[in-house]
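Chain and residue survey
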Amino acid sequence: GAVVSQHPSWVICKSGTSVKIECRSLDFQATTMFWYRQFPKQSLMLMATSNEGSKATYEQGVEKDKFLINHASLTLSTLTVTSAHPEDSSFYICSARNPAGGEKLFFGSGTQLSVL
Amino acid sequence: SQQGEEDPQALSIQEGENATMNCSYKTSINNLQWYRQNSGRGLVHLILIRSNEREKHSGRLRVTLDTSKKSSSLLITASRAADTASYFCATPTQGGSEKLVFGKGTKLTVNP
């Protein structure tokens, strides 16, 4: 199967600091990765599409300067929450599609961000 | 707006019973997928059904798709306590788009 690894699993930070979340595809190359955000007991909201070697595509209403996405290689995408504030506290999940695996997405285990 | 809307929002059953969850969507799709999420974890793909399919089985899972009603259902038979999780349907944002939009999910609790 395809494995997507996401780190860290949880992070607590002070307001105003930046936090980086990594998403790696361990056994396949992912030209595209997706970043989602999930509030407690709610659905996943697509934030952006991360494209290897090019700029990310952000969904409407998502601040690209706030949520920096870098997809520097075919196996790694990073999401940096800049100048985090308490309202950024959420569960962030990345996903990727294995080109050999059809349309289904493989998800990381998520990162719980708590901003104090 | 949400593409997929599941109902019920929450479902509590006893072990051994069947659980049925429904999903409605709004636009044309070429496939619909169901995912499972354990609390505080990522999602796991369960099953994909294409627009030209009406029913699909995988183990204890049975998925139906009615494109005329823009709805799908997920049936879990002979449920187990380990099936306790949230279940989401997901559809491409536009036809064959790579991006998936998820519904609000059904929280299933299977009591031993």
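The structure we're discussing is the one just above.
We now examine the interface of chain B and chain A. On the chain A side, the residues contacting the 19 residues of chain B number 19 residues. For the pair chain B and chain A, the two sides together bury roughly 1,500 Å², of which 52% comes from carbon and sulfur. The interface formed by chain B and chain A holds three salt bridges in total. For Arg97(A), the salt bridge goes to Glu98(B), with nearest N and O atoms at 3.5 Å. Remark: the boundary between chain B and chain A carries ten residue pairs in polar contact (both at pLDDT 80 or more). Elements represented by at least two residues in the side of chain B that touches chain A include exactly strand E4 (31-37), strand E5 (43-50) and strand E10 (100-102) of chain B.

Turning our eyes to something else, we now look at the environment of Cys13(A). All names here are of chain A. Within the secondary structure layout, Cys13 lies in strand E2 (residues 10-13). Taking the relative accessible area as the measure of exposure, Cys13 reaches 8% and is therefore buried. When the C-alpha positions of Cys13 and Ser114 are compared, they lie 6.5 Å apart, and in sequence the two are 101 residues distant. When sequence neighbours within four positions are dropped, the list of residues in contact with Cys13 reads Val19, Ala84, Leu113, Ser114, Val115 and Leu116.

Scanning all chains against the criterion turns up seven salt bridges over all chains. Of the charged contacts, one joins Glu59(A) and Lys99(B) as a salt bridge, the two residues approaching to 2.8 Å between their closest N and O atoms. Residue Glu59(A) is found in the loop between strand E6 (57-58) and strand E7 (67-73), and its partner Lys99(B) is found in the loop between strand E9 (85-92) and E10; the two belong to separate chains. With its nearest N and O atoms 3.1 Å apart, the salt bridge here joins Glu55(B) to Arg62(B). Take Glu55(B): its relative accessible area is 40%, and that puts it in the partly exposed class.

Parameters at a glance
Residues numbered from 1 in each chain as written. Chains lettered and ligands numbered in written order. Predicted model: local features only at pLDDT ≥ 70, side-chain atom pairs only at ≥ 80, totals over all residues. Heavy atoms only, no water. Contact = heavy atoms within 4.5 Å. Buried area = accessible area lost by both parts, 1.4 Å probe. Salt bridge = Lys/Arg side-chain N within 4 Å of Asp/Glu carboxyl O. Polar contact = N/O pair within 3.5 Å; in protein donor to acceptor, adjacent residues only side chain to side chain. Helix = DSSP H or I, 4+ residues; strand = E, 2+ residues; numbered from the N terminus. Buried < 20%, exposed > 50% of the residue type's maximum accessible area, 1.4 Å probe, protein only.

Don't take any of this as a statement about function, it's just geometry.
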